[in-house]
Amino acid sequence: LAKHPEIKALMKPDYNLIWVVVLMVLAQLTAFYLVKDLDWKWVVFWAYVFGSCISHSMTLAIHEISHNSAFGNSKAMWNRWFGIFANLPLGLPYSISFKRYHMDHHRYLGGDGIDVDIPTNFEGWFFCTRFRKFIWIVLQPFFYAIRPLCINPKPITRLEIINLSAQLVFDVVIYYLWGVKSIFYMLAGSVLGLGLHPISGHFIAEHYMFLKGHETYSYYGPLNLLTFNVGYHNEHHDFPNIPGKSLPLVKKIAAEYYDNLPQYNSWIKVLYDFVMDDTISPYSRMKRQLKGEVKQD
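Residues numbered from 1 in each chain as written. Predicted model: local features only at pLDDT ≥ 70, side-chain atom pairs only at ≥ 80, totals over all residues. Heavy atoms only, no water.

Per an unreviewed UniProt entry, the chain is named Sphingolipid delta(4)-desaturase DES1, and its organism is Cisticola juncidis. Turning to the chain, the UniProt record has this under Function (unreviewed entry): "Has sphingolipid-delta-4-desaturase activity. Converts D-erythro-sphinganine to D-erythro-sphingosine (E-sphing-4-enine). Catalyzes the equilibrium isomerization of retinols." Checking UniProt for the chain, the heading Subunit (unreviewed entry) contains the comment "Interacts with RLBP1; the interaction increases synthesis of chromophore-precursors by DEGS1." (UniProt positions renumbered as here; feature names shortened; annotations may be inferred.)

As structure tokens, this is what we get:
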């Protein structure tokens, strides 16, 4: 910032995010209606080809919202309510809990017992062969859901109860209106999109140490268009209060800090290399023993 103070001008809400999220919710509602009378094989097909992309993209919209990118820091609660709305087409409550744990990830990256992005000891021990690593990738959404309860369980908050209640009401309404195929499409899209899917390469690309000494990596490929530029991950951790839309400008302005860092251009290759490289596993993360006072949401 001392060298490039113009970066401060990028620290403002991205109001276009609001309309993008609304359109994504409407797109999924339309899909729920269209799949209700299809054969099951086509429900599964569209859940993977279309629903999974929208669902994973929506989780990254929720990531943006967790940083108050939709309405700004001065309207934090507006962002929380909007996150609950964005959560609806995913089928499972996620937004409020993600916000609480994700802030810990930024404050205490790699903190043992705090950062639930770090795999458990069991994951590192068991998923150590190529086949088991492949299965681990398929099951990633389940590990991300269960891991916080094992590593860093937190008391349930009022907003989490509201998130859960709103989600249950929405799911019941969808089932009542359009039946089980729409519900299956919704849930399958979320699970498939967060598992064995090209976009899921970002889970591994962000912080797994393919090169020793380099803890965080950026991805500059085309899938950033679907993921709110989450691939610009070094830039995001340096400036978490800058919306994803503006992270390419951060890289452009401060190119001398980012251009020479190790980087990716394919999340598919990241997934392939993770499975096939016998030196990489869920253990390939930096873990820190935190000292001093730890403040959590």
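We are not done yet, so read on.
Each helix and strand counted, the chain has 14 helices and two strands in total. Along the longest, intermediate and shortest principal axes, the C-alpha atoms of the chain span 55 × 45 × 40 Å. Classification of the 297 residues of the chain by burial places 52% in the buried group. Across the chain, contacts joining residues at least 24 apart in sequence account for 76% of those joining residues at least 6 apart. Approximately 14,700 Å² of the chain is accessible, and the part contributed by carbon and sulfur atoms is 67%. (Helix = DSSP H or I, 4+ residues; strand = E, 2+ residues; numbered from the N terminus. Buried < 20%, exposed > 50% of the residue type's maximum accessible area, 1.4 Å probe, protein only. Contact = heavy atoms within 4.5 Å. Areas by Shrake-Rupley, 256 points an atom, 1.4 Å probe, with all protein chains shown as cover.)

Per the UniProt annotation, the sites labelled "domain: Fatty acid desaturase" (unreviewed entry) are residues 41-263. Helix makes up 61% of residues 41-263 and strand 1%, with an end-to-end C-alpha separation of 38 Å.

One finds Val21, Met58, Trp136 and Ile204 to be the most contacted residues of the largest nonpolar core, which totals 36 residues. Not counting residues within four places of it along the chain, the set of residues in contact with Met58 comprises Val21, Met24, Val25, Ala86, Pro89 and Leu90. In terms of nonpolar packing, the next biggest core, distinct from the first, is built from 12 residues, Ala31, Val43, Ile183 and Met186 among them. (Core = buried A, V, L, I, M, F, W, Y, C linked by side-chain atoms within 4.5 Å.)

It is worth spelling out the side chain of His197 at this point. On the secondary structure map, His197 appears in the loop between helix 9 (180-193) and helix 10 (201-207). Of note is the side chain of His197, whose polar atom sits 3.0 Å from the side chain of Ser52. The residues touching His197, leaving out its near neighbours within four places in the chain, are Tyr48, Ser52, Cys53, Leu192 and Leu271. (Polar contact = N/O pair within 3.5 Å; in protein donor to acceptor, adjacent residues only side chain to side chain.)

Here we take up the packing of helix 2 (residues 40-66) against helix 3 (residues 76-87). It is at 9 Å that the axes of helix 2 and helix 3 come closest, and there the two elements cross at 175°. By the angle between their directions, the pair helix 2 and helix 3 is classed as roughly antiparallel. Residues Met58, Ile62, Ile65 and Ser66 of helix 2 lie in contact with helix 3, whose contacting residues are Asn79, Arg80, Phe82, Gly83, Ala86 and Asn87. Residue classes in the contact of helix 2 with helix 3 are distributed as five nonpolar, four polar and one charged. (Axes fitted to C-alpha atoms, helices over the stretch in contact; angles between N-to-C directions. Parallel < 35°, antiparallel > 145°, perpendicular 65-115°, else oblique. Nonpolar A, V, L, I, M, F, W, Y, C, P; charged D, E, K, R; others polar.)

Take the pattern of salt bridges next. One pass over the full model with this rule turns up 13 salt bridges. Close ionic contact of Asp112 with Lys287 constitutes a salt bridge, the shortest N to O distance being 3.7 Å. Pair noted here: Asp112 is in the loop between helix 4 (95-107) and helix 5 (121-126) and Lys287 is in the segment after helix 14 (267-276), with a separation of 175 residues, a long-range link. Asp112 gets classed as partly exposed once you look at its relative accessible area, which sits at 34%. Where Glu215 meets Arg288, a salt bridge forms, and the shortest distance between an N and an O atom there is 2.6 Å. Highlighted residues: Glu215 in the loop between helix 10 and strand 1 (218-219) and Arg288 in the segment after helix 14, separated in sequence by 73 residues. Within the structure, one salt-bridge network assembled from shared partners comprises Asp104, Arg107 and Lys154. (Salt bridge = Lys/Arg side-chain N within 4 Å of Asp/Glu carboxyl O.)

A grouping of Trp42, Phe45, Trp46, Tyr48, Val49, Phe50 and Leu192 is seen on the molecular surface, where their side chains present a nonpolar patch of about 600 Å² in accessible area. Sort the elements by how many residues they give to the nonpolar patch and helix 2 lands first, with six residues. Along the chain, Leu192 falls in helix 9. (Patch = residues over 30% accessible without salt bridge, like charges linked within 9 Å, V, L, I, M, F, W, Y side chains within 5 Å.)

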